[in-house]
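# Residue-level structure breakdown
Each chain is listed here by its residues.
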Amino acid sequence: MNVSLSIICERIKRELGKSRRLPVGTIRRREFERFAIAADDHNRLFFDDAFARSHGYKSAFAPPLYLSSVMGWEAGPPQESLRADGTPSNDATALAIEGLRLMGGGQELEFHRPVADETDVVMEFSVTNVEFKQGRSGELLVIEVQKKYLDGEGRPLVTCRENFIAR
Amino acid sequence: MAAKIKYDAVKAGDAIPTVTIDHVSRPDFVRYAGASGDFVPLHYDQTFVEAAGIPTVFAQGMWTAGCLSRCLTDYAGAGQVRRFKVRFARQVWPGDTLTCRGKVTGKSEKHGEKLVEGELEVVNQKGETTVKGNFAVAAA
């Protein structure tokens, strides 16, 4: 096993089972509308309150993939704080993989209730697994995390299990 | 809530609506970077990707997943999606044409809710699968 991968694997294993509760903040309509347009999804349920109410919802709401797709909830990290791969080094969910390139492998999402404008959201973040593997192009780590998004009353909104490849 | 599909009318093998993305472009990735905060330069910085030995920029995986999710929101209604799983199989490049499609594989009930389940994929113009997944949506 590559020494640095071995060290990083053990470092991440020490995080297993530890859950961090992180404030996401208040969901803003303009931001999820931008997200919908970026995915070329002009569904009126994301934009039009009256249309949403006529379909049984309290108001327009965010596209299903919005919460789990957004990588940062701050105004944005300064350029000098980014790692070489462009990911922020000071993100509370950042994995301790300094020197490795991180690639998303996929997500498994459960949707519990729509996410409307002005919903206060917190995220419970945990690393759920890390495995060393021998891939076709060399050694790598497969890292699995869980992000559980809750509203201000603690009700689940979205549960996301996501895996990454680090090499 | 407004379920668009009738549980009793759906059967395994039924196709769900196809979404086609013609000519994927770099501005698609840049717009998505701004909306999602995914500023990894592999998705927009030609100098960076060439230095990494990659011929050109490629799409954020969740951008492609977002395009695929439109099949479900069109089919079942945006508030009816209960489960969505995607695995990124291959990169999406500028100039690609993508077809997002899926089919029903079964039905079930969970917590008193009727669910339609199925599989999904995104294929490029060469017929290669770029994203593979599965889903469950609520039905009336």
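Just so it is clear, the structure is predicted and the values come from calculations on it, not from any experiment. (Residues numbered from 1 in each chain as written. Chains lettered and ligands numbered in written order. Predicted model: local features only at pLDDT ≥ 70, side-chain atom pairs only at ≥ 80, totals over all residues. Heavy atoms only, no water.)

### Notes on the side chain of S69 of chain A
Tracing the sequence through the fold places S69 of chain A in helix 4 (residues 66–69). Not counting residues within four places of it along the chain, the set of residues in contact with S69 of chain A comprises F35 of chain A together with Y32, S36 and M62 of chain B. (Helix = DSSP H or I, 4+ residues; strand = E, 2+ residues; numbered from the N terminus. Contact = heavy atoms within 4.5 Å.)

### Side note on the nonpolar core
General note: in soluble globular proteins, nonpolar side chains tend to be found buried as a group. Ranked by size, the top nonpolar core spans 75 residues in total, and within it I143 of chain A together with W63 and F84 of chain B carry the most contacts. For this core, the leading source of residues is helix 3 (residues 61–76) of chain B, giving 9 residues. Contacts of W63 of chain B, omitting those with residues within four sequence positions, involve A38 and A39 of chain A together with I21, V24, D28, F29, Y32, V92 and L98 of chain B. F46, A52, Y57 and F61 of chain A belong to the second largest nonpolar core, which has 7 residues in total. (Core = buried A, V, L, I, M, F, W, Y, C linked by side-chain atoms within 4.5 Å. Buried < 20%, exposed > 50% of the residue type's maximum accessible area, 1.4 Å probe, protein only.)

### Structural notes on the packing of helix 2 (residues 29–38) of chain A against helix 1 (residues 26–36) of chain B
Where helix 2 of chain A contacts helix 1 of chain B, the two axes come as close as 9 Å, and the packing angle between them is 155°. What the angle tells us is that helix 2 of chain A and helix 1 of chain B run roughly antiparallel. The handedness of the crossing between helix 2 of chain A and helix 1 of chain B comes out as left-handed. Residue-level inspection shows R34, F35, I37 and A38 of chain A of helix 2 of chain A in contact with helix 1 of chain B, the latter providing R31, Y32, A35 and S36 of chain B. A per-class count over the contact of helix 2 of chain A with helix 1 of chain B returns 5 nonpolar, 1 polar and 2 charged. (Axes fitted to C-alpha atoms, helices over the stretch in contact; angles between N-to-C directions. Parallel < 35°, antiparallel > 145°, perpendicular 65-115°, else oblique. Left-handed = near helix turned anticlockwise from the far one by under 90°. Nonpolar A, V, L, I, M, F, W, Y, C, P; charged D, E, K, R; others polar.)

### What to know about empty space enclosed by the protein
Tallied over the entire structure, the rule returns 1 cavity of 30 Å³ or more. Here the largest cavity is characterised by a volume of approximately 50 Å³. The wall of the largest cavity is formed by F35, A36, A39, D41, P63, P64 and L65 of chain A together with G66 and S69 of chain B. Where the lining of the largest cavity is concerned, the elements lending two or more residues are helix 2 of chain A together with helix 3 of chain B. (1 Å grid on protein atoms, 1.4 Å probe; cavity = no way out; pocket = protein on both sides within 12 Å on 5 of 7 lines; lining within 4 Å. Points joined across faces, edges and corners; volume = space filled by probe spheres on them.)

### Describing the interface of chain B and chain A
Every contact between the two is made by 37 residues of chain B and, on the other side, 35 residues of chain A. In total, chain B and chain A occlude about 2800 Å² of area from one another, counting both sides; carbon and sulfur atoms represent 61% of this. Joining chain B to chain A, the criterion identifies 1 salt bridge. Between R70 of chain B and D40 of chain A there is a salt bridge, with its nearest N and O atoms 3.5 Å apart. At the surface where chain B touches chain A, the tally comes to 8 residue pairs in polar contact (both at pLDDT 80 or more). Looking at the side of chain B that touches chain A, the elements that each hand over two or more residues are helix 1, helix 3 and strand 2 (81–88) of chain B. Partitioned by chemical class, the residues of the side of chain B that touches chain A number 21 nonpolar, 8 polar and 8 charged. (Buried area = accessible area lost by both parts, 1.4 Å probe. Salt bridge = Lys/Arg side-chain N within 4 Å of Asp/Glu carboxyl O. Polar contact = N/O pair within 3.5 Å; in protein donor to acceptor, adjacent residues only side chain to side chain.)

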